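# A structural walkthrough
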Amino acid sequence: MSQSASPAPTPAEPGRLAIEARNVVKAFGQGEGEVRALNDVSVEIRQGEFFTLLGPSGCGKTTLLRLIAGFEMPTDGTILLDGQDITYLPPNKRPVNTVFQSYALFPHLTVAQNVAFGLQMQGKPAAEVKETTARMLALVKLDAMATRKTSQLSGGQQQRVALARALAPKPKVLLLDEPLSALDLKLRKEMQVELKRLQHETGITFIFVTHDQEEALTMSDRIGVMSAGKLQQVGTPREIYTRPVNRFVASFIGDTNFLTGSSAPGGVRLPSGALIEAAVTRPGAVTLAVRPEHVRIEAADSPGAMPATVKGAVYFGTDMNYQLALADGSEIEACVVSGVTGEMALNPGEKVGIRFAPGAVQVLED
Amino acid sequence: MSPAEKAQGARTIRNAWLLSAPALILLTVAAAGPLLIVLVYSFLLKGQYGNVEWGFSLDGWRGILFTKDIFDDTMVLADAHLTIFWRSVKLSILTTLITFVVGFPTAWFIATRPPKARALWLFLITIPFWTNLLIRTYAINEVLRKEGLVNAVLLKLGVIEVPLDMLYGPFAIFVGMTYVYLPLMVLPLFAAIDRFDMRLLEAGYDLYASRLQVLRRVILPIVKPGIVAGSILVFVPSLGAYVTPRVLGGGKQMMIGNFIELQFGQGRNWPLGSALSMALLVVVMVALLIYVRFANRENAHG
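Keep in mind it's a predicted model, so treat the numbers as computed, not measured.

About the thresholds
Residues numbered from 1 in each chain as written. Chains lettered and ligands numbered in written order. Predicted model: local features only at pLDDT ≥ 70, side-chain atom pairs only at ≥ 80, totals over all residues. Helix = DSSP H or I, 4+ residues; strand = E, 2+ residues; numbered from the N terminus. Buried ≥ 20, exposed ≤ 12 C-beta atoms within 10 Å, placed from the backbone. Contact = placed C-beta atoms within 7 Å. Rg over C-alpha atoms; globule rule 2.2 N^0.38 Å. Domains from an automatic or database assignment. Core = buried A, V, L, I, M, F, W, Y, C linked by C-beta atoms within 7 Å. Nonpolar A, V, L, I, M, F, W, Y, C, P; charged D, E, K, R; others polar. Pairing = 2+ DSSP bridges. Axes fitted to C-alpha atoms, helices over the stretch in contact; angles between N-to-C directions. pLDDT = per-residue confidence, 0-100. Arc of directions from axis to C-beta.

## Here's the deal with the overall build of chain A
- Counting its regular elements, chain A contains eight helices and 20 strands.
- The burial tally for chain A puts 40% of its 366 residues in the buried class.
- Of the contacts made within chain A by residues no fewer than 6 positions apart, 65% connect residues no fewer than 24 positions apart.

## Structural notes on the overall build of chain B
- Secondary structure assignment for chain B yields 13 helices and four strands.
- Rg of the C-alpha trace for chain B: 25 Å, well past the compact-globule value of 19 Å for 302 residues, more than 25% over.
- C-alpha extents for chain B along the principal axes are approximately 85 × 75 × 40 Å.
- Classification of the 302 residues of chain B by burial places 28% in the buried group.
- Looking at chain B alone, contacts between residues at least 24 apart form 68% of all its contacts between residues at least 6 apart.

## Some words on the domain arrangement of chain B
- Partitioning chain B into structural domains gives domain 1 (1-41) and domain 2 (58-301).
- Its C-alpha centre places domain 1 of chain B at a distance of 34 Å from the equivalent point of domain 2 of chain B.

## So, the nonpolar core
- The biggest cluster of nonpolar side chains holds 143 residues, and the ones touching the most others in it are Ile68, Val115, Ala164, Leu174, Leu175 and Ile207 of chain A together with Leu189 of chain B.
- A per-element tally of this core places helix 7 (residues 170-195) of chain B first, with 15 residues.
- Aside from chain neighbours lying at most four places away, what touches Leu189 of chain B is Gly103, Phe104, Ala107, Val223, Gly226, Ile227 and Gly230 of chain B.

## Structural notes on the interface of chain B and chain A
- On the side of chain A, 21 residues touch chain B, which itself brings 15 residues to the contact.
- If you list the elements that add at least two residues to the side of chain B that touches chain A, you get helix 8 (199-206) and helix 9 (211-222) of chain B.
- Among the elements that line the side of chain B that touches chain A, the one with the most residues is helix 8 of chain B, at six residues.
- Classifying every residue of the side of chain B that touches chain A by side-chain character gives nine nonpolar, three polar and three charged.

## What about the sheet that holds strand 19 (residues 351-356) of chain A?
Residue and element names in this part refer to chain A.
- An order of 15-19-16-17-18 is seen for the five strands of this open sheet, with the pairing classed as antiparallel. With one partner strand each, in any of the chains shown, strand 15 (295-298) and strand 18 (331-337) form the two edges of the open sheet. Sheet twist, expressed as the average angle between the axes of neighbouring strands with direction ignored, equals 45°.
- Relative to strand 19, strand 16 (residues 306-315) is paired through four bridges, and the arrangement is antiparallel. Residue pairing in the sheet places Met306 in a bridge with Ile354 of strand 19.

## A few points about the environment of Ile297 of chain A
Residues and elements named next belong to chain A.
- Along the chain, Ile297 falls in strand 15.
- For Ile297 and Cys335, which are 38 residues apart along the polypeptide, the C-alpha to C-alpha distance reads 9.2 Å.
- Sequence-distant contacts of Ile297, defined by excluding residues within four places in its chain, comprise Tyr322, Ala334, Val336, Val352 and Ile354.

## Structural notes on the sheet that holds strand 1 (residues 17-28) of chain A
Residue and element names in this part refer to chain A.
- The strand order 2-1-4-5 describes an open sheet built from four strands, whose pairing is antiparallel. The open sheet has two free edges, formed respectively by strand 2 (35-46) and strand 5 (84-85), since each of these has just one partner strand.
- Pairing of strand 1 with strand 4 (residues 76-81), which is carried by five bridges, proceeds in the antiparallel orientation. Bridged to Ala21 within strand 4 is Ile79.

## Here we look at the pairing of strand 4 of chain A
All names here are of chain A.
- Sheet topology places strand 4 next to strand 5; two bridges connect them, and they run antiparallel. If you follow Leu80 over to strand 5, its bridge partner there is Asp85.
- Count of turn residues in the strand 4/strand 5 antiparallel hairpin: two residues, of which Asp82 carries a positive phi of about 55°.

## Concerning unusual backbone geometry
- A positive phi angle is found at Lys170 of chain A, which is not glycine, with a value near 50°.
- In this structure, Tyr208 of chain B is a non-glycine residue whose phi angle is positive, near 75°.
- Counting through the fold element by element, Tyr208 of chain B comes out in the loop between helix 8 and helix 9.
- C-beta crowding within 10 Å serves as the criterion here: with 22 such atoms nearby, Tyr208 of chain B is assigned to the buried category.

## Section: the confidence of the model for chain B
- Scored by pLDDT, chain B comes out at a mean of 86, with 97% of its residues at no less than 70.
- In the predicted complex, the global pTM is 0.79; the interface-specific ipTM is 0.80.

## Considering the environment of Leu280 of chain B
All names here are of chain B.
- Looking at the element boundaries, Leu280 is found in helix 13 (residues 270-301).
- Given 20 C-beta atoms within 10 Å, Leu280 falls into the buried group.
- The spacing of Leu280 and Ile260 is 20 residues in sequence and 9.9 Å in space, taken between C-alpha atoms.
- Apart from residues no more than four positions distant in its own chain, Leu280 is found in contact with Leu239, Gly240 and Ile256.

## Some remarks on the domain arrangement of chain A
- Segmenting chain A into domains produces domain 1 (17-242) and domain 2 (259-363).
- Domain 1 of chain A and domain 2 of chain A are separated by 41 Å when their C-alpha centres are compared.

## Quick look at helix 12 (residues 256-264) of chain B
- Considered for burial, the residues of helix 12 of chain B that qualify are Ile256, Gly257, Phe259, Ile260 and Gln263 of chain B. Down the axis of helix 12 of chain B, the buried side of the element spans an arc of 165°, and every buried residue falls inside it.

## Quick word on the pairing of strand 18 of chain A
Residues and elements named next belong to chain A.
- Pairing between strand 17 (residues 319-326) and strand 18: seven bridges, direction antiparallel. Among the inter-strand pairings, Gln323 is bridged to a residue of strand 18, identified as Glu333.
- Here strand 17 hands over to strand 18 after four residues, with Gly329 in that stretch at a positive phi of 95°.

## Side note on the confidence of the model for chain A
All names here are of chain A.
- When pLDDT is averaged along chain A, the result is 87; 94% of the residues meet or exceed 70.
- Put simply, strand 13 (residues 275-277) is where chain A has its lowest mean pLDDT, 81, and strand 3 (residues 50-54) is where it has its highest, 95.
- Within the model, the stretch residues 1-10 combines pLDDT values under 50 with 16 contacts to residues more than four positions away or in other chains.

Right, here's the structure in full:
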């Protein structure tokens, strides 16, 4: 097919931005009943990256996606695509395609006709439509199903048709609105791998919306964590997990212990009197986050360890979870890899000492 | 299957027949019976003062297309009959088209209201059914006549100086037919649009379709069963309509329905009336078969 007619995929240019949202506000309703689904959100999504918007339902992630797709217009702010203002461009004029949560396949068309739809609407010549459709069906491994009606397909197959249909017109950005939520666990794992492969092969920028933190961590190049209409933190999965900036991010992704103390020279003083080494920049009350797997359990008389009491233990197979209480009564969870023989079996009531892994303590903004 | 199960199955089938017997008997007696009588009558001789005389004759059927010249008894093509037939078909097609054009946005509007409002709108659509057809037709007469509502308003507003002569002609019949048959188009369309997944609209726009393309390539093909049902419900009765053309056409615009009625009344030619009725039935059935086949074939090929 002719390469000239295809603006995308531009082979990933890491420097350039695919999507840029500037101070985007989206309000529903008016006056008293006004709800801000998005409240001053700014985000930069780079070309060729797999970007995930992660957050609980109602956090505004889907609204942001719909603004990028053009189904909704923002109340305020600007959205740029490839540096061009597309804020008020109708969806059929944007080189952006969506994989809908419900797939939204056309029931009156066959699999191949569904995939060809976007190309036909773009006015591509018939030969090119046919060729691209066949290539897309091969890409999602559905060549054998081309003449079937979509209602005759399984959920996973419908998902692939939706993907092929959205990828066929070679969008600059592919938007995926919780596309895996309707699939069972096994299929979901398969599709996660599949999506990564497709993104790699096509080089198209993916913006993926999910509420599943594990999905976000395993698939994304970068994650934007959203809550209450605001972008809380943007970073790589590792950054998000190990360096959460606030309480919301720390608790939404993985399990976390929160400890409150006060700023002291050299770190944070806990109510129990223990001093935790941490880089604190401001005085007053400070919240610390420590992942359970970074809590080390030692003997009660271990020098420098904080005294604690075992409250309970839960066996998870690969690891053990211990509920511990510090001297001041505050609770803390520790996760320990359970050995082959379970040599560290602690009983409730036992006195132990705990210590945090070096560099594992994160000082939160709130 | 065990013998007991077999007996159980047989009993279920017998009960099903027994329960549907009243409806089947009624349908046979009330629908097939009269049709059979009409069919038989169409092959009989016409009586002197209406009615029929027993004796086989094809005069009734011949009379559909040919008429006996009163001077020399030769058969000439009855072009008046064909004119009437063509006028009826034209009116029915036009009525079907305009009820679709008017009914589709109406049905779309109703189907996209919140559920509570939807029930109210549907209720409003069915209000005309509460009144007898004849009375409704006279109501249209009242609206359209020289001293009627439309003229009064237009005169008052100064849009026109002389009352418009709208009544007793093709226009009045057309307005009346559209009004009478509109609900029959709206209801099946509503049922189809109500089932339509509105998320497909976004999918269409997302894939570069304009509003018109979404309508043509997504909405219309999917709600096609509703369009087919509505068209049949409007086309068939309007082909046989005779109250509306009579009251609003002032007798100047004879339709097939009026023509058939004439044969059983002043015409005193029951065999011709019967033959015309059967011919109309056959034409409608053939037209429907072609229409449905056509609609389905389009569907299969997308």
